[in-house]
Amino acid sequence: MLRTILSVTGRPGLYKIISQGRGMLLVEELGSGKRQPIHARDKVVSLGDIAMYTESGDTPLGEILDKVYAKYEGNKIDVKTLVKEDGLRTAFEEIVEDYDRDRVYNNDIKKLFTWYNILVDNGFTKFSEEEAPEEEQVAE
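As the structure is a prediction and not an experimental result, all values here were calculated from the model. (Residues numbered from 1 in each chain as written. Predicted model: local features only at pLDDT ≥ 70, side-chain atom pairs only at ≥ 80, totals over all residues. Heavy atoms only, no water.)

## Let's talk about the sheet that holds strand β1 (residues 5–8)
So, point 1. If you trace the five strands from one edge of the open sheet to the other, you get β4-β3-β2-β1-β5, paired in antiparallel fashion. Two strands lie at the open edges of the sheet, namely β4 (35–39) and β5 (44–46), each paired on one side alone. The sheet shows a mean angle of 45 degrees between the axes of neighbouring strands, direction not considered.
So, point 2. In this structure, strand β2 (residues 15–21) lies alongside strand β3 (residues 24–29), joined through six bridges in antiparallel fashion. Bridge assignment links lysine 16 to a residue of β3, and that residue is glutamate 28. (Pairing = 2+ DSSP bridges. Helix = DSSP H or I, 4+ residues; strand = E, 2+ residues; numbered from the N terminus. Axes fitted to C-alpha atoms, helices over the stretch in contact; angles between N-to-C directions.)

Here is the structure:
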């Protein structure tokens with residue numbers, strides 16, 4: 001699911017892939033539904049390819065978003081209040097206790113919480129990729 005959701009450097013918000021063309025992607029902005037092209041020169045990252053640093057290794061963004069969803073019971077996070085009260089790290093530590101405090105910055109946490117709000121506003125409730133069970137081969 002997160003593989004089709006994109007972050008584009010220099011553009012706010014998140015985008016869903018609608019179609020691919022030669023040297024471009026046609027995307028739809030989550031929330032507004034506005035469609036626009038993303039060209040090959042734009043830096044694009046799939047949310048499915050992002051991980052955050054933890055003491056036990058890198059943790060995929062989907063797993064962290066699932067933990068955020070469970071912690072906040074699917075409700076939005078008031079990011080502005082957390083930033084104003086310097087509560088970003090405290091709130092994140094309650095969710096991911098072993099995050100790497102040296103390599104995860106406040107801006108990373110703020111971006112995570114902002115993305116979470118956008119995804120929840122657009123009806124997403126499950127973020128981790130589940131592996132499809134392999135079908136058993138029956139020998140004849």
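## Overview of the pairing of β1
On a regular strand, each side chain points to the face opposite its neighbour's, so the side chains alternate between the two faces of the sheet.
So, point 1. Burial along β1 is two-sided: the residues Ile5 and Ser7 and Leu6 and Val8 are all buried.
So, point 2. For β1 and β2, the ladder comprises two bridges, and the chain directions are antiparallel. By the bridge assignment for β2, leucine 6 is matched with tyrosine 15.
So, point 3. Adjacent in sequence and paired antiparallel, β1 and β2 are bridged by six residues, among which glycine 10 carries a positive phi angle near 90 degrees.
So, point 4. Sheet topology places β1 next to β5; three bridges connect them, and they run antiparallel. By the bridge assignment, valine 8 is partnered in β5 with valine 44. (Buried < 20%, exposed > 50% of the residue type's maximum accessible area, 1.4 Å probe, protein only.)

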